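Summary of structural features
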Amino acid sequence: MARLAGRRALFAVPVVLVVTFGVFAIAAASPFDPVKAYAGTAALGADQETLDRLRENLGVDESFVVRWWHWLNSALTGDLGHSSVLRQPVTQVIGERLAWSALLCAVAFTVAVTLGTLLGVLAARRPGSMLDRAVTSLAYTLEAAPVFWIALLAVWLFALQWDVLPAGGLTDTAREHVTPGQVAGHLVLPAGVLAVSQLPWFTLYVRQGVADALAEDPVRGARARGLGEGTVLLGHALRSGLLPVLTLIGSRVPELITGALLVESVFSWPGIAAATVEAATAVDFPLLAALTTLATAAVLAGNLLADLLYGLFDPRVKLSEM
């Protein structure tokens, strides 16, 4: 396990270098002017000399290669730079928002995996039945629905029509302090929408995996020995059928991050979505690079987790050989 993690860590170094370099290159080609974004409305009445001086102070008059190299050297010492658009150190910007984004993704991912496994198993028990057709039809319908459309529909239904859940934010507007109860209540809609956006993939994968496992000889042998249907389903078919899902975990991380950004924007969840949008539109090089590095690290960690889980649960795979 340690050997696999070490190899992946070495592989991550060039990946992060290429990704961060690409971020600076793309940001440099962007039509947005970081100086005007930083100055705001004051830039409308400023003369060219003032704008040039501000450009020099912000360091955006240098080539993107030089800026990338300076940022990289500082990042190696723990200094991720200063966000020009949010007027804060990048570490502070990420620190204030990362925990809320992680909470949203963790809850949504847990719900999606749990509910997807349950629906997939129920559908796989009797392929072609009414329940199977209903579950697969629902999964394909949700798979085709954009996450922002699901989010807007959830706000309209649960917050505006039924008024049973808050439409957004972290706490009620009249509250001065953040409490666990308030956070839990405001978390239901965004986490539920994000879970629904990931649900079809897990449901369909579990259904197919369990259905294939039920048709295998070991499972048929277990039934022939007189084992109960629950034991056969949970002890044999489900364990074998979940193996493809483990590989799905790593591949779903990028879409989970993208979906979280959209969900956070719709529900005004105080995660990294707003910071990402502002950094992109204002061409905030240090913040853009840090957020992209963070997303890249999350994807690589998801792939590593999928491989480790596969090696632990599949007796045919040895972690020492991976």
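Just so it is clear, the structure is predicted and the values come from calculations on it, not from any experiment. (Residues numbered from 1 in each chain as written. Predicted model: local features only at pLDDT ≥ 70, side-chain atom pairs only at ≥ 80, totals over all residues. Heavy atoms only, no water.)

Each pocket or cavity is described by its volume, and for the largest pocket that value is around 580 Å³. Looking at the largest pocket, it is lined by 25 residues, and the ones nearest its centre are Cys 105, Ile 257, Ile 272, Ala 295 and Ala 298. For the lining of the largest pocket, the secondary structure elements donating two or more residues are helix H5 (90-125), helix H11 (243-267) and helix H13 (285-313). Among the elements that take part in the lining of the largest pocket, H13 stands out by supplying nine residues, more than any other. Along the lines of polarity and charge, the residues of the lining of the largest pocket split into 20 nonpolar, four polar and one charged. (1 Å grid on protein atoms, 1.4 Å probe; cavity = no way out; pocket = protein on both sides within 12 Å on 5 of 7 lines; lining within 4 Å. Points joined across faces, edges and corners; volume = space filled by probe spheres on them. Helix = DSSP H or I, 4+ residues; strand = E, 2+ residues; numbered from the N terminus. Nonpolar A, V, L, I, M, F, W, Y, C, P; charged D, E, K, R; others polar.)

Here we come to the nonpolar core. In globular proteins that are soluble, nonpolar side chains generally tend to be buried together. Core analysis: the biggest nonpolar cluster contains 40 residues, and Leu 104, Val 193, Leu 194, Phe 202, Val 210, Val 263 and Phe 267 have the highest contact counts within it. Among the elements of the structure, H5, helix H7 (147-161), helix H8 (180-214), helix H10 (229-241) and H11 are those that each provide at least two residues to this core. Tallying contributions element by element places H8 first for this core, with 13 residues. (Core = buried A, V, L, I, M, F, W, Y, C linked by side-chain atoms within 4.5 Å. Buried < 20%, exposed > 50% of the residue type's maximum accessible area, 1.4 Å probe, protein only.)

Among the surface-exposed residues, Asp 52, Glu 56, Asp 61 and Glu 62 lie close enough to one another that they form a single negatively charged patch. With respect to the secondary-structure elements, Glu 62 resides in the loop between helix H3 (48-58) and helix H4 (64-76). Accessibility expressed as a relative area gives 35% for Glu 62, which makes it partly exposed. (Patch = residues over 30% accessible without salt bridge, like charges linked within 9 Å, V, L, I, M, F, W, Y side chains within 5 Å. Areas by Shrake-Rupley, 256 points an atom, 1.4 Å probe, with all protein chains shown as cover. Salt bridge = Lys/Arg side-chain N within 4 Å of Asp/Glu carboxyl O. Lys, Arg positive; Asp, Glu negative; His and termini not counted. Charge placed at Lys NZ, Arg CZ, Asp CG, Glu CD.)

A cluster of nonpolar residues, Phe 148, Trp 149, Leu 152, Leu 153, Trp 156, Leu 160 and Leu 262, forms a patch on the protein surface that exposes about 730 Å² of accessible area. Here the nonpolar patch gets six residues from one element, more than from any other, and that element is H7. Classification of Trp 149 by relative accessible area gives partly exposed; the value is 47%.

Okay, empty space enclosed by the protein next. Vacant regions in the atomic arrangement are exposed by a probe of water-molecule size rolled over the atoms. On inspection of all chains with the given rule, the structure shows one cavity of 30 Å³ or more. Reported here for the largest cavity is a volume of approximately 30 Å³. Lining the largest cavity are Leu 119, Val 135, Leu 138, Ala 139, Leu 142, Leu 199, Pro 200 and Thr 203. Elements with a contribution of two residues or more to the lining of the largest cavity: helix H6 (130-144) and H8. The greatest single-element share of the lining of the largest cavity, amounting to four residues, is contributed by H6. In terms of residue class, the lining of the largest cavity is built from seven nonpolar, one polar and no charged.

Just geometry here; none of it tells us what the structure is for.
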